[in-house]
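The chain contents come next:
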Amino acid sequence: MLDHDLDFRNDYVGLGAREIRVAGETTSRVLIGQAVAWVPAFALAHVATRLTLGFGGRFPADGFSAPYLSAVTTSTFLAAFGGVLLLESLLRRRHGRAVAALAAAGLWLATPLHFYAVAN
């Protein structure tokens, strides 16, 4: 989005991650849907970072600094938590409040969903 190409080598360097190579080409380790889902949060972080740079902000507008990572992590968390709330709402209509709350809490606390929503 920022460097206007699909060459991921510099992106892996910026993230400090090992590049993924398939058939001799550097490729992304995630599907395109995740990147598309992150566009609104990433774009908002980019605009905010660029604006703060004009007022002496300390984070570079490079796509890798803390505002960008915070924005995509927050948006992923909100999407996952929203999904759990939606599931709870659907279950409440069919099985009652207690079952729905137990299922939603179990999904959030007893599966790796929270890890994937905030850490991965």
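Higher on the page you've got the structure.
To start, this report covers the structure provided alongside it.

The rules behind the values
- Residues numbered from 1 in each chain as written.
- Predicted model: local features only at pLDDT ≥ 70, side-chain atom pairs only at ≥ 80, totals over all residues.
- Heavy atoms only, no water.
- Core = buried A, V, L, I, M, F, W, Y, C linked by side-chain atoms within 4.5 Å.
- Buried < 20%, exposed > 50% of the residue type's maximum accessible area, 1.4 Å probe, protein only.
- Helix = DSSP H or I, 4+ residues; strand = E, 2+ residues; numbered from the N terminus.
- Contact = heavy atoms within 4.5 Å.
- Expected span 1.5 Å × (residues − 1).
- Bend = angle between axes of the 7 residues up to and from the residue.
- Axes fitted to C-alpha atoms, helices over the stretch in contact; angles between N-to-C directions.
- Parallel < 35°, antiparallel > 145°, perpendicular 65-115°, else oblique.
- Left-handed = near helix turned anticlockwise from the far one by under 90°.
- Nonpolar A, V, L, I, M, F, W, Y, C, P; charged D, E, K, R; others polar.
- Salt bridge = Lys/Arg side-chain N within 4 Å of Asp/Glu carboxyl O.

### Topic: the nonpolar core
Here's step 1: One finds Ala41, Phe42, Ala45, Tyr68, Ala71 and Val72 forming the largest nonpolar core, which totals six residues.
Here's step 2: For this core, the secondary structure elements donating two or more residues are helix H2 (32-53) and helix H3 (66-95).
Here's step 3: Setting aside chain neighbours within four positions, we find Tyr68 in contact with Leu2, Phe42, Ala45, His46, Thr49, Pro60, Ala61, Asp62 and Gly63.
Here's step 4: Core analysis: the second largest hydrophobic core is formed by five residues, Ala80, Val84, Ala104 and Ala117 among them.

### Section: H2
Here's step 1: Between its first and last C-alpha, H2 extends 30 Å over 22 residues, near the 32 Å set by a 1.5 Å rise per residue.
Here's step 2: Of all the bends in H2, the greatest reaches close to 50 degrees and is centred on Val39; the proline Pro40 follows between one and four positions later.
Here's step 3: Those residues of H2 not exposed but buried are Ala41, Phe42, Ala45, His46 and Thr49.
Here's step 4: The inward-facing, buried residues of H2 contact H3.

### Overview of the packing of H2 against H3
Here's step 1: Interhelical geometry of H2 versus H3 gives an angle of 150 degrees and a closest axis separation of 8 Å. One way to sum up the angle between H2 and H3 is to call them roughly antiparallel. The interaxial crossing formed by H2 with H3 has right-handed handedness. Side by side, H2 and H3 meet where Trp38, Ala41, Phe42, Ala45, His46 and Thr49 of the first sit next to Pro67, Tyr68, Ala71, Val72, Ser75 and Thr76 of the second.
Here's step 2: Partitioned by chemical class, the residues of the contact of H2 with H3 number eight nonpolar, four polar and no charged.

### Quick notes on the environment of Val47
Here's step 1: Along the chain, Val47 falls in helix H2.
Here's step 2: C-alpha of Val47 to C-alpha of Leu69: the two residues are 22 residues apart in sequence and 14 Å apart in space.

### With respect to the pattern of salt bridges
Here's step 1: Going through the model one piece at a time under the given rule, you end up with three salt bridges.
Here's step 2: Note that Arg9 and Asp7 form a salt bridge whose closest N and O atoms lie 2.9 Å from each other.
Here's step 3: Here Arg9 falls in the partly exposed class, since its relative accessible area comes to 45%.
Here's step 4: On the basis of relative accessibility, which here comes to 30%, the residue Asp7 falls in the partly exposed class.
Here's step 5: Among the salt bridges present, the one from Glu19 reaches Arg21, with a minimum N-O distance of 2.8 Å.
Here's step 6: Under the relative-accessibility criterion, Glu19 is labelled partly exposed at 26%.

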